[in-house]
Amino acid sequence: MSDSNNRSDDDDPVVYGVSVFGEGESLDLFLSRGRMLALGSVPAWWFLTIFLVVEEGWHYSFVLGFALPPIVAYGGVRGYRDVRPGMTAAAMALGVATPLATMGLAWLENH
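Anyway, here's the lowdown on the structure attached to this text.

Cut-off values and rules
- Every residue gets a number counted from 1 within its own chain, in the order that chain's sequence is written.
- Confidence filtering applies because this is a predicted model: local features only for residues at pLDDT of at least 70, side-chain atom pairs given and counted only at 80 or more, and all residues used for totals across whole chains, interfaces and linings.
- As a convention, hydrogens and water are excluded, and side-chain values are obtained from all of the structure's heavy atoms.
- Note on conventions: DSSP H or I runs of at least 4 residues are helices, E runs of at least 2 residues are strands, and numbering of each starts at the N terminus.
- Only protein chains enter the accessibility calculation, which uses a 1.4 Å probe; a residue is then buried when its area is under 20% of its type maximum, exposed when over 50%, and partly exposed in between.
- Residue contacts are counted whenever heavy atoms from the two residues lie within 4.5 Å of one another.
- Here the accessible surface of atoms and residues is derived via Shrake-Rupley with a 1.4 Å probe, and residues count as covered only by protein chains that are part of the display.
- The aromatic pairing rule takes the rings of Phe, Tyr and Trp, using the six-membered ring of Trp, and pairs them if the centres are within 6.5 Å, calling planes under 30 degrees apart stacked, those over 60 edge-to-face and the rest tilted.
- Counted as over-ring charges are cases with an Arg CZ or a Lys NZ within 6 Å of the ring centre that also lie within 35 degrees of the ring normal.
- Multiplying 1.5 Å by the helix residue count minus one yields the expected span of that helix.
- To obtain the bend at a residue, axes are fitted to the seven residues ending there and to the seven starting there, and the angle between these axes is taken.
- Surface patches are drawn from residues lacking salt bridges whose relative accessible area is over 30%; two like charges belong together within 9 Å, two nonpolar side chains (Val, Leu, Ile, Met, Phe, Trp, Tyr) within 5 Å.
- The term salt bridge refers to a pairing of a side-chain nitrogen on Lys or Arg with a carboxyl oxygen on Asp or Glu at a separation within 4 Å.
- Of the grid points, spaced at 1 Å and generated over the protein atoms alone, those admitting a 1.4 Å probe that cannot get out make up cavities, while open sets with protein on both sides within 12 Å along at least five of seven lines make up pockets; any residue with an atom within 4 Å of a point is treated as lining.
- Grid points are joined across faces, edges and corners, and a volume is the space filled by probe spheres set on the points.

Re the overall build of the protein
So, step 1. Scanning the protein for helices and strands turns up 3 helices and 0 strands.
So, step 2. The order of α-helices and β-strands along the protein, N terminus first, is α-α-α.
So, step 3. A buried classification covers 26% of the 111 residues belonging to the protein.
So, step 4. In the protein, 60% of the contacts between residues at least 6 apart in sequence involve partners at least 24 apart.
So, step 5. Carbon together with sulfur atoms contributes 64% to the accessible area of the protein, which is approximately 7,200 Å² in total.

Next comes the structure, spelled out in structure tokens:
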């Protein structure tokens, strides 16, 4: 009897997925980090937006700073729960792009 017939599903090697902060990470680690980044971006961007409103005054572009972070968090959590690395990567990218989009639109609003 060959060795491959005696293997269980638990003996399968780790499936390596997309790497965020290093090489050879597992898919579960990538999804976990994406979820944490997405969830952590909500209070960070809300505090940044509140600070900018206090310092600069209200701009309609600051609505992005309040609206996008919950969408990012939902995408990160849903990507983790449904094991969808594409959704998790999109949530991480949107989480990083939120302050850039907010600042860019505020700049365009002033000019």
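Thoughts on the packing of aromatic side chains
So, step 1. Summed over all chains, the structure comprises 0 aromatic pairs.
So, step 2. Sitting over the ring of Tyr80, Arg35 keeps its end group 4.0 Å from the ring centre.

Regarding the environment of Tyr80
So, step 1. Mapped onto the elements of the fold, Tyr80 is located in helix α2 (residues 63-81).
So, step 2. For Tyr80, a relative accessible area of 27% corresponds to the partly exposed category.
So, step 3. It is 9.8 Å that separates the C-alpha atoms of Tyr80 and Met36, two residues lying 44 residues apart in sequence.
So, step 4. Contact partners of Tyr80, with chain neighbours within four places excluded, come to Asp28, Leu31, Ser32, Arg35 and Thr88.

A look at helix α3 (residues 85-110)
So, step 1. In this model α3 runs 38 Å from its N-terminal to its C-terminal C-alpha over 26 residues, within 8% of the 38 Å that 1.5 Å per residue would give.
So, step 2. The largest bend in α3 amounts to roughly 40° and is located at Ala97, with the proline Pro99 lying one to four residues further along.
So, step 3. Listed in full, the buried residues belonging to α3 are Thr88, Ala91, Met92, Gly95, Thr98, Pro99, Thr102 and Ala106.
So, step 4. Looking at the buried side of α3, the elements it contacts are α1 (27-56) and α2.

Examining a nonpolar patch on the surface
So, step 1. Together, Trp46, Phe47, Ile50, Val54, Trp58, Tyr60, Val63 and Phe66 line one region of the surface with nonpolar side chains, adding up to about 880 Å² of accessible area.
So, step 2. The biggest single contributor to the nonpolar patch is α1, with 4 residues.
So, step 3. For Trp46, a relative accessible area of 33% corresponds to the partly exposed category.

Things to note about empty space enclosed by the protein
So, step 1. Per the counting criterion, the structure on display carries 1 cavity of 30 Å³ or more.
So, step 2. Approximately 30 Å³ is the volume attributed to the largest cavity.
So, step 3. For the largest cavity, the full set of lining residues is Trp45, Leu48, Thr49, Leu52, Thr98, Pro99, Thr102 and Met103.
So, step 4. For the lining of the largest cavity, the secondary-structure elements that each account for two or more residues are α1 and α3.

With respect to the pattern of salt bridges
So, step 1. Scanning the model with the defined rule gives 1 salt bridge in all.
So, step 2. Note that Asp82 and Arg78 form a salt bridge whose closest N and O atoms lie 2.7 Å from each other.
So, step 3. You can call Asp82 partly exposed: its relative accessible area is 34%.

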